Amino acid sequence: MDFLTRLHSGPALIADGAMGTMLQTAGLPPGRPGEAWVLERPEAVVAVHQAYIEAGADLILSCTFGGTRPRLEHAGLAERVAEINRRAVEVAREAAAGRAYIAGDIGPLGELLAPLGQRTYEEAVEIFAEQAAGLAAGRPDVLYIETMSSLDEARAAVEGARRADPDLPLTATLSFDTKGRTNMGVRPAQAAQALVELGVVACGANCGASLEMTEQALREMHEALPQAVLIAKPNAGIPRMVSGQVVYDATPEIMADYGRRFVALGARIVGGCCGSTPAHIQAIAQTLRGRQDTV
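All residue numbers refer to position in the chain's written sequence, counted from 1. In keeping with the predicted nature of the model, local features appear solely for residues at pLDDT of at least 70, side-chain atom pairs appear and are counted solely at 80 or more, and the whole-chain, interface and lining totals rest on all residues. Water and hydrogen atoms were dropped before computing side-chain values, which therefore reflect all heavy atoms in the structure.

> Help me out: how do you make sense of the packing of aromatic side chains in this one?
To describe a pair of aromatic rings, one takes the distance between the centres and the angle between the planes. Here a Phe, Tyr or Trp ring, Trp counted by its six-membered ring, pairs with any other such ring whose centre lies within 6.5 Å, and the pair is stacked when the planes are under 30 degrees apart, edge-to-face when over 60, and tilted otherwise. Under the criterion given, the structure shown has two aromatic pairs. Each ring, one from Phe3 and one from Tyr101, has its centre 5.8 Å from the other, and the planes form 75 degrees; the classification is edge-to-face. Taken together, the residues span a long stretch of sequence, with Phe3 in helix α1 (residues 3-7) and Tyr101 in strand β3 (residues 101-106) at a distance of 98 residues. The class for Phe3 is buried, based on a relative accessible area of 3%. Ring centres 6.0 Å apart and planes at 40 degrees place the aromatic pair Tyr258 and Phe262 in the tilted group. Note that Tyr258 and Phe262 are positioned in helix α11 (residues 252-264) at a spacing of four residues, about one turn of the helix. Across the pair, Phe262 and Tyr258 agree in class, each one buried. Two limits define a charge over a ring: the Lys NZ or Arg CZ must be within 6 Å of the ring centre, and within 35 degrees of the ring normal. Here the guanidinium or amino end of Arg41 rests over the ring plane of Trp37, the centre of that ring lying 4.3 Å away. A cation over an aromatic ring shows up here: Arg261 above the ring of Tyr258, its NZ or CZ 4.2 Å from the ring centre. Where helices and strands are cited, they refer to DSSP runs of H or I of at least four residues and of E of at least two residues respectively, numbered from the N terminus. Here's how the labels work: a residue is buried when its accessible area is under 20% of the maximum for its type, exposed when over 50%, partly exposed in between, all with a 1.4 Å probe on protein chains only.

Here it is as structure tokens:
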């Protein structure tokens, strides 16, 4: 069954959880991007993908959140954009072995667009198109734009992805973390309206300041556009420092309970972002499948 058919039929798709923190646990050095390990230690990336699939994930994201040229430049990898993105999708597909759909992950540039920053809109489109072309070469099932704060940047990512491959389905999510808005002031209903008009097949919220804020964002999106296909991929609660380590406060059980709420608000893709682990995804999968199988 192709991705779009599955998106609209059967129980909600279970997405994976965090990649970066899992790689750090596996020994990724501080400051080294996970994308580097796509080439240097692909077996470690495969292990994370497989852990999420074994936990019940139907959809895994390629290890390319920071796979744009400006982000890779900091690690001396700017000239390997196409190779890293293509290989990341291939690695994910090898790990899935037909058991999960593959999303080509596209994160934000990490810099502001003009007039607040120096990067022009057209430059952003070209940067996203370069990454999307690399991802498309690996044959993902969907291109997955995430953690956006600005609608202009989200539009640039969509335009760039379409420029690279007009036939691949597109999804997009924003991060709501400032009094219910993104840090650029975008409201959930405003985001949903704009993204649906851009023709994405699903939109929603990921990362964010808290599970409550993600739930509220989905509620506002659902109320504004009841027929919209939504995505919820929040952090595992709120982070805090414990003995010099970042710890997230949401247990797998708490995440699973929120998963039920997200589905009730129209979410067709539910997973986790920062701080989430295979244990969180397993709890979400067991809860949602158990609930939906009895409906």
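Next comes the rest of the description.
> What is the right way to look at the packing of helix α9 (residues 188-197) against helix α10 (residues 211-224) in this model?
Helix packing geometry: the angle between the two helix axes and the distance between the axes. For helices, the fitted line uses only the C-alpha atoms of the stretch in contact; every axis is such a line through C-alpha atoms, and the angle between N-to-C directions lies from 0 to 180 degrees. It is the contact of α9 with α10, at a shortest axis distance of 8 Å, that shows an interaxial angle of 55 degrees. Here α9 lies oblique to α10, going by the angle between them. Helix-helix and strand crossings are classified by hand; for α9 and α10 the assignment is right-handed. Residue-level inspection shows Pro188, Ala189, Ala191 and Ala192 of α9 in contact with α10, the latter providing Ala217, Glu220, Met221 and Ala224. In this classification, the charged set is Asp, Glu, Lys and Arg, the nonpolar set is Ala, Val, Leu, Ile, Met, Phe, Trp, Tyr, Cys and Pro, and all remaining amino acids, among them Gly, are polar. Of the residues assigned to the contact of α9 with α10, the class counts are seven nonpolar, no polar and one charged. Here the word oblique covers every angle except those under 35 degrees (roughly parallel), over 145 (roughly antiparallel) and from 65 to 115 (roughly perpendicular). Each crossing gets its handedness from the near helix: less than a right angle anticlockwise from the far helix is left-handed, clockwise is right-handed. Two residues form a contact once any of their heavy atoms are found within 4.5 Å.

> In this structure, what is going on with the pattern of salt bridges? I would like to understand it.
Two side chains that carry opposite charge are able to pair once their charged atoms sit near each other. The term salt bridge refers to a side-chain nitrogen of Lys or Arg lying within 4 Å of a carboxyl oxygen of Asp or Glu. Applying the stated criterion across every chain, the model contains 20 salt bridges. Here Glu43 ties to Arg41 by a salt bridge, and the two come within 3.3 Å at their closest N and O atoms. Taking the relative accessible area as the measure of exposure, Glu43 reaches 48% and is therefore partly exposed. The class of Arg41 is partly exposed, set by a relative accessible area of 31%. For Arg80, the salt bridge is made with Glu83, and the minimal N-O distance between the two is 2.8 Å. Arg80 sits in the partly exposed class, given a relative accessible area of 36%. Each member of the salt-bridge network shares a partner with another, and the members are Glu215, Arg219, Asp257, Arg260 and Arg261.

> Got a minute to help me understand the nonpolar core in this structure?
The nonpolar side chains of a soluble globular protein tend to be buried with one another. Among the nonpolar cores identified, the biggest contains 79 residues, and Leu23, Phe128, Ile145, Leu174, Leu218 and Phe262 are the most heavily contacted of them. Not counting residues up to four positions away in its chain, the partners in contact with Phe262 are Leu211, Thr214, Glu215, Leu218, Ala232, Pro234, Ala267 and Val270. Think of a nonpolar core as a cluster: buried Ala, Val, Leu, Ile, Met, Phe, Trp, Tyr and Cys residues, connected wherever their side-chain atoms sit within 4.5 Å. Judged by nonpolar contacts, the second largest core, of 14 residues, contains Leu7, Leu61, Ala103 and Ile231.

> Explain the layout of surface pockets to me, please; I cannot follow it from the model alone.
Remark: the empty space left among the atoms is shown by a probe the size of a water molecule rolled over them. With a 1 Å grid spanning the protein atoms alone, the term cavity applies to any set of points in which a 1.4 Å probe fits but cannot get out, the term pocket to an open set with protein on both sides within 12 Å along at least five of seven lines, and the term lining residue to any residue with an atom within 4 Å of a point. Grid points are joined across faces, edges and corners, and a volume is the space filled by probe spheres set on the points. If you add up the space inside the largest pocket, you get close to 810 Å³. Taken together, 35 residues form the lining of the largest pocket, with Met19, Gly20, Thr21, Glu35 and Phe65 sitting closest to its centre. Going through the elements one at a time, α2 (20-25), α3 (34-40), α5 (69-73) and β4 (142-148) are the ones with two or more residues in the lining of the largest pocket. Take the lining of the largest pocket: its biggest share by element is four residues, from α2. When its residues are assigned to classes, the lining of the largest pocket shows 15 nonpolar, 13 polar and seven charged.

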